[in-house]
Amino acid sequence: MRMLLVLAFTASLTVTAMSAGTGAQESPVNPFAQEMVDFRARVNDYMKLRDKATANLPDLEETKDPAKISAREKALGQAIAAARQTAKSGDVFGPEMSKYLRTILAEDWKSRSAADRKALFEEIPPNLKLTVNQVYPTTIPLVTLPAKLLMKLPMLPEALEYRLVDHYFLLRDRDANLVIDVLPKVYPTRNR
Amino acid sequence: MRMPHVLLAALLSIGGLTCVTATPADSVEPGLSQASRQTATSPPPSSGVMPPREDDSVRFAIIGDTGTGTRSQYEIAAQMTKARAVFPFEFVIMLGDNIYGSERPQDFVAKFEKPYQALLDAKVPFYASLGNHDDPTQRFYRLFNMNGERYYTYTKGNARFFVLDSNYMDQPQLKWLEEQLSRSTDRWKIAYFHHPLYSSGDRHGSEVDLRSQVEPLFIKYGVDVVFAGHEHFYERIKPQNGIYYFTQGGSAKLRKGNINRGALTAAGFDTDFSFTLAELGKDAMQFQTLSRLGKPIDSGTLALAEEPKRATESTPSAR
């Protein structure tokens, strides 16, 4: 019986491997390639808008005065938010890219251990709500984005970063501490 | 002077690095520090700090998860200042979570400048890394010496330090790390960042995902020692792939009894706050970890062998 099971499993693996090989030959193009190109274009548009909106703000340089750092951050956030008053959830991610993100985030969730899943929500207050143009609350931690997951995501300019917080996937402006786009319910909501 | 205290010296040869651990005379467990026997109420010894062993060595202090502004942070800072009279460290490395909670200008004062005022007044520089509680704009705060970068490198004597942003290990950072490591011909290569690649902590445990990205580079380019925080205790990990790993996240926060001692733990201390001192000499690193009361809780020597200095060894299970 055991031998039969082993043989069946081996056969199954062989078929899977053959299918994967054939599939790779037939479909060498990333099905989300166009979405990624479009997403990058929207990110570039954001960066242009950001540059324009903040052109009059001085560059941030190292300082001993943290008041200057927080003032610059605030001014940057206000200028960007003012320039994007009508921005709404999904504007930068876009519908097709959002599908891709939900797919890889669902895979990421499945790959996590129970401890990992629990750690994701550590120190995150219940009923957290995050919206576009909101200042990211400085009193809650920036949950670490797994390095392997980051490798699957399109690269961003240094000014931007992805973040996972509670059930949200965010695009965050690092120096403005501003939520630029938000994808809700990428992970199960809090019942963990 | 230290020798009379030494009851046990365990010699471990792992790859090219040799670790001689020395435990205090009343320690009973081979290979473990006195950690589990320390209590917050123990009277401090007259001086538990060992002086440097070499004249031209690189001496530094290691603190992590500090930015609370609480009494414990001040007490550790006071012990660091006291220790510096015996062990004149030149600089301090910060392992992240430098400012907890809000990051208003007054928070930088209450959670950094005031607690370490004596050291700052003595012109001791601090070199920070970013933790998950830190706004990345901290990199512009001059007293953290990050030169406006999330990740950066600097040299001290015969050592190069690689400071990483483990919150966000993206492709540009990995590429940068490999470039910097490949260029380095320094005698010592030390990396530090917030999340521990190996940890026996019940709360977080090892950062396996991060480890899969950075440890191959550490091995390939011969990083000798890695410091991390995040777990609110002190732990010295048994050498992994020829690299020594320390967690020092107990310099202002504490998770009592959180170390799940197992295959990874060489020494641990989770009953009080602590900080670590290190000395990089020509061929060896001395380290000593002291409690909030100034008591030695772990110390030892890591000897650096000649190249080739690494041999692959099996890695214990991560969690």
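For clarity, every value in this text was computed on a predicted model and none was experimentally measured.

Draft legend 1. Spatial organisation of the overall build of chain B. Within chain B one finds five helices and 15 strands. Taking all 319 residues of chain B together, the buried fraction comes to 64%. Counting only carbon and sulfur atoms, one obtains 52% of the accessible surface of chain B, whose full area is about 11400 Å².

Draft legend 2. Expanded view of the interface of chain A and chain B. If you look at the interface, chain A gives 35 residues, while chain B gives 38 residues. Taken over both partners, the interface formed by chain A and chain B buries close to 3300 Å², and the fraction arising from carbon and sulfur atoms is 53%. On inspection of chain A and its partner chain B, the count reaches two salt bridges. Its salt-bridge partner being Asp-175 of chain A, residue Arg-139 of chain B comes within 2.9 Å of it at the nearest N-O pair. Run the count over chain A and chain B and you get 13 residue pairs in polar contact (both at pLDDT 80 or more). Secondary-structure elements contributing two or more residues to the side of chain A that touches chain B are helix 3 (66-83), helix 6 (147-152) and strand 1 (160-165) of chain A.

Draft legend 3. Summary view of the pairing of strand 10 (residues 234-240) of chain B. All names here are of chain B. With respect to burial, strand 10 is a largely interior element, six of its seven residues being buried. Pairing geometry for strand 10 and strand 11 (residues 243-248), over five bridges, is antiparallel. Following the sheet pairing, Arg-236 is matched in strand 11 by Phe-246. Sheet topology note: the strand 10/strand 12 (residues 265-269) ladder contains four bridges and is antiparallel. The residue bridging Ile-237 from the neighbouring strand is Thr-265, located in strand 12.

Parameters and conventions
Residues numbered from 1 in each chain as written. Chains lettered and ligands numbered in written order. Predicted model: local features only at pLDDT ≥ 70, side-chain atom pairs only at ≥ 80, totals over all residues. Heavy atoms only, no water. Helix = DSSP H or I, 4+ residues; strand = E, 2+ residues; numbered from the N terminus. Buried < 20%, exposed > 50% of the residue type's maximum accessible area, 1.4 Å probe, protein only. Areas by Shrake-Rupley, 256 points an atom, 1.4 Å probe, with all protein chains shown as cover. Contact = heavy atoms within 4.5 Å. Buried area = accessible area lost by both parts, 1.4 Å probe. Salt bridge = Lys/Arg side-chain N within 4 Å of Asp/Glu carboxyl O. Polar contact = N/O pair within 3.5 Å; in protein donor to acceptor, adjacent residues only side chain to side chain. Pairing = 2+ DSSP bridges.

Treat this as a map of the structure, not an account of what it does.
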